[in-house]
Amino acid sequence: MFLVLGIDAATWKVIKPNLEVLPNFRKLLDTCESGTIHLKEKPYSPPLWCGMFCGKGSEEHKHREYVVDGEVQTREDISVEFIWDVLDKRGYDIRALNVPFVVSPYNFNVEFEGIGFGLPTDEKEWNEELEKITEKIVELLKEGPDVLIAVFTSLDRIQHFHWGEPVVVEWYKKMDKRLGEILFETGFMDKEGNKLIIISDHGFCSFGEAKVQTLPKITKSGIEMKGDHHEDAILITKNVGYRIKRPQDVFNALEKEFR
Amino acid sequence: MDKFVQRSVSVIREAKASYKNIGVLFSTGKDSVCLLDLIRKSFPGGVVPFKVIHLDTGEKFPEIYEFRDMIAKKWNLDMIVSRNEEGMKETSPDKPFECCMKRKTENLKKVVEKYKFDALMLGIRRDEHYIRNLERYFSPRDKTMQWHIVRPKTEEEKREGDSDFVYQQNVELSGWNLFQTDFLDAHHIRIHPILHWTEIDVWEYVRDQKLPINPLYFAKNGKRYRSLGCKPCTKPIDSNASTIDEIIEELQTKKGEEREGRCQDKEQIMRKLRALGYC
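Conventions adopted
Residues numbered from 1 in each chain as written. Chains lettered and ligands numbered in written order. Predicted model: local features only at pLDDT ≥ 70, side-chain atom pairs only at ≥ 80, totals over all residues. Heavy atoms only, no water. Helix = DSSP H or I, 4+ residues; strand = E, 2+ residues; numbered from the N terminus. Buried < 20%, exposed > 50% of the residue type's maximum accessible area, 1.4 Å probe, protein only. Contact = heavy atoms within 4.5 Å. Areas by Shrake-Rupley, 256 points an atom, 1.4 Å probe, with all protein chains shown as cover. Phe/Tyr/Trp six-rings, centres within 6.5 Å; stacked < 30°, edge-to-face > 60°. Lys NZ or Arg CZ within 6 Å of the ring centre and 35° of its normal. Lys, Arg positive; Asp, Glu negative; His and termini not counted. Salt bridge = Lys/Arg side-chain N within 4 Å of Asp/Glu carboxyl O. Polar contact = N/O pair within 3.5 Å; in protein donor to acceptor, adjacent residues only side chain to side chain. Pairing = 2+ DSSP bridges. Axes fitted to C-alpha atoms, helices over the stretch in contact; angles between N-to-C directions. Parallel < 35°, antiparallel > 145°, perpendicular 65-115°, else oblique. Left-handed = near helix turned anticlockwise from the far one by under 90°. Nonpolar A, V, L, I, M, F, W, Y, C, P; charged D, E, K, R; others polar.

I'd like a rundown of the overall build of chain A, residues and numbers included.
When helices and strands are tallied, chain A shows nine helices and 11 strands. Every one of the 259 residues in chain A was classed for burial, and the buried ones make up 62%. Intrachain contacts of chain A at a sequence separation of at least 6 include 70% that bridge at least 24 residues. Counting only carbon and sulfur atoms, one obtains 45% of the accessible surface of chain A, whose full area is about 10500 Å².

Laid out in structure tokens, this is it:
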């Protein structure tokens, strides 16, 4: 089985200095290959998640924003084939859960409703997302598809709102616990031949440090943004032959594996 | 004439003087009926000197089509009924986002391109939906039909203690009927003559001017439509208001948003995206 776990906005800046309290990240770093993806393009989530699973850069897939011309964009507005379309045609059982290149996030052969339409914005929704997505992944792993792609989005909003505060590490600890449930408690990591990619679409940094401004400093609902996107994304892989140097290589790795 | 009607008439006349080819969007709803009536009152002979556009999604209530044709005949409108036939084949109301995109947004883009409109007049109001609070009477759209009221400052432009945003549009001195109508690089301009009206203002105007109105607004069997959209995505509200006076009385006491009967998911997603600053 090939599992791709996306963690929107996960950054080594938080993970590496806190490995003592993130035991599952630590285990992964000890047993898997890991690295940093230095984005060449601007670290905006919609084109990056889109490119990751269609194998094309934003110049080609042309999907750059959640809303165009006042209308929420959907899968149908993006004229490219995604990896699930390709592998499904080839007869593989591929599932995609909560992929946030559109709002609400996209699902393929999975029944799921994104928490807060895929934009969880408070503690209740962040907890709910971590819980529900973990539950769904564990359920899907039992069904044994050839490929499962699933994405958590909460860390992005948490870091936008709380970057630089101790609470960020607390949420990474919760994420770490969920990784433990998905990867170690299910036995996924013990099964020989299972393949894994854990990847973020971009990293994070303080609001003033960021080269892009993805959200206004003060939103219309009065929330102050303390952090914004950085070009360095995380990558952890196990048993993946293809060398992933950019987000689009996730598509290439899967496509090559299931030729 | 009430001051708030005077302002609408000023905006309409200013628009006529400023743009060569204006299209008026007509949904058949109460706001667009008021807008057409105001246009008729703004020019000699009671005519509407603009093309009137009805975006037909193929999914409207039969009463909407009947009302549209009746008004077009009664007021001698030069009406364009536009359907995105290709988009209608590709989408179904089961997928409301895609459906709206193809049948409304793309449809409108095609009309604007085909008839080369340099301005569109719409009957939107600030109180209708909180995201319309920022709108102006004259509002530029770029070639992708997007509105950019602010942009982030460059590093060179930033000053400590000052806003991090540059407002791209001047404040309108609407109290003095002074409006900016020229916008560099605008693809077209949106004009909103009844922006300052409330829902109750609209109903009072409809009553006082004895305007024809779509029967769907009046209660039957304890339900009525407060806002008219496409049939699959619009639900009636609980109401016993079967006259305009009863509707006004209901609005004075009722809580809830005007568009509460519209497709909630889409409204909520947009609200969330806007609240976070994604659009």
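Please set out the packing of aromatic side chains residue by residue, giving values where relevant.
Throughout the structure, instances matching the rule amount to 22 aromatic pairs over all chains. Judged by centre distance (5.0 Å) and plane angle (10°), the rings of Phe-82 of chain A and Trp-84 of chain A are stacked. A relative accessible area of 0% places Trp-84 of chain A in the buried class. Plain terms: the ring middles of Phe-4 of chain B and Trp-197 of chain B are 4.8 Å apart, the flat faces sit at 70° to each other, and that makes the pair edge-to-face. Of this pair, Phe-4 of chain B sits in helix 1 (residues 3-18) while Trp-197 of chain B sits in the loop between strand 8 (188-191) and helix 6 (199-208), placing them 193 residues apart in sequence. By relative accessible area, Trp-197 of chain B is classed as buried at 1%. A network of ring pairs unites the aromatic residues Trp-49, Phe-53, Phe-82, Trp-84, Phe-101 and Tyr-106 of chain A as a single cluster. Directly above the aromatic system of Trp-12 of chain A lies the positively charged group of Lys-16 of chain A, at a separation of 4.6 Å from the ring centroid. The lysine or arginine in question, Lys-217 of chain A, covers the ring of Phe-207 of chain A, its NZ or CZ lying 4.8 Å from the ring centre.

Explain the side chain of Asp-8 of chain A residue by residue, including any values.
Residue and element names in this part refer to chain A. Within the secondary structure, Asp-8 sits in the loop between strand 1 (2-7) and helix 1 (12-15). Buried and unpaired, Asp-8 has no salt bridge, with Arg-157 as the nearest side chain of opposite charge at 5.9 Å. A polar contact of 3.0 Å, which involves the side chain of Asp-8, links it to the side chain of Trp-49. A polar atom in the side chain of Asp-8 sits 3.4 Å from the side chain of His-202. Excluding anything up to four places from it in sequence, Asp-8 contacts Ser-45, Trp-49, Pro-100, Val-151, Phe-152, Thr-153, Leu-155, Asp-156, Asp-201 and His-202.

Kindly report on the pairing of strand 7 (residues 147-152) of chain A, identifying the contributing residues and their values.
All names here are of chain A. By the criterion of burial, strand 7 is predominantly enclosed, with six of the six residues buried. Where burial is concerned, the two faces of strand 7 agree: the one with Val-147, Ile-149 and Val-151 and the one with Leu-148, Ala-150 and Phe-152 are both buried. Of the strand pairs in this sheet, strand 1 and strand 7 are connected by six bridges, and their pairing is parallel. Paired with Leu-5 across the two strands is Ala-150, which belongs to strand 7. Where strand 5 (residues 94-99) and strand 7 come together, four bridges link them in parallel fashion. In the strand pairing of strand 7, Ile-94 is matched with Val-147.

Provide a residue-level description of the pattern of salt bridges, including the pertinent values.
All names here are of chain B. Within this structure, the stated rule accounts for 33 salt bridges over all chains. Ionic pairing is found between Asp-31 and Lys-30, a salt bridge with its closest N-O pair at 3.9 Å. The buried category is assigned to Asp-31, whose relative accessible area is 10%. Judged by relative accessible area, which is 2%, Lys-30 ranks as buried. Members of the salt-bridge network, linked through shared partners, are Lys-30, Asp-31, Arg-125 and Asp-127.

Tell me about the packing of helix 2 (residues 30-42) of chain B against helix 6 of chain B, and name the residues and values.
Residue and element names in this part refer to chain B. Their axes nearest at 10 Å, the elements helix 2 and helix 6 cross at an angle of 60°. Looking at the two axes, helix 2 sits oblique to helix 6. As helix 2 packs across helix 6, the resulting crossing turns out to be left-handed. On the side of helix 2, the interface is formed by Lys-30, Asp-31, Cys-34, Asp-37, Leu-38 and Lys-41, while helix 6 contributes Glu-199, Val-202, Trp-203, Tyr-205 and Val-206. For the contact of helix 2 with helix 6, a count of residues per class yields six nonpolar, no polar and five charged.

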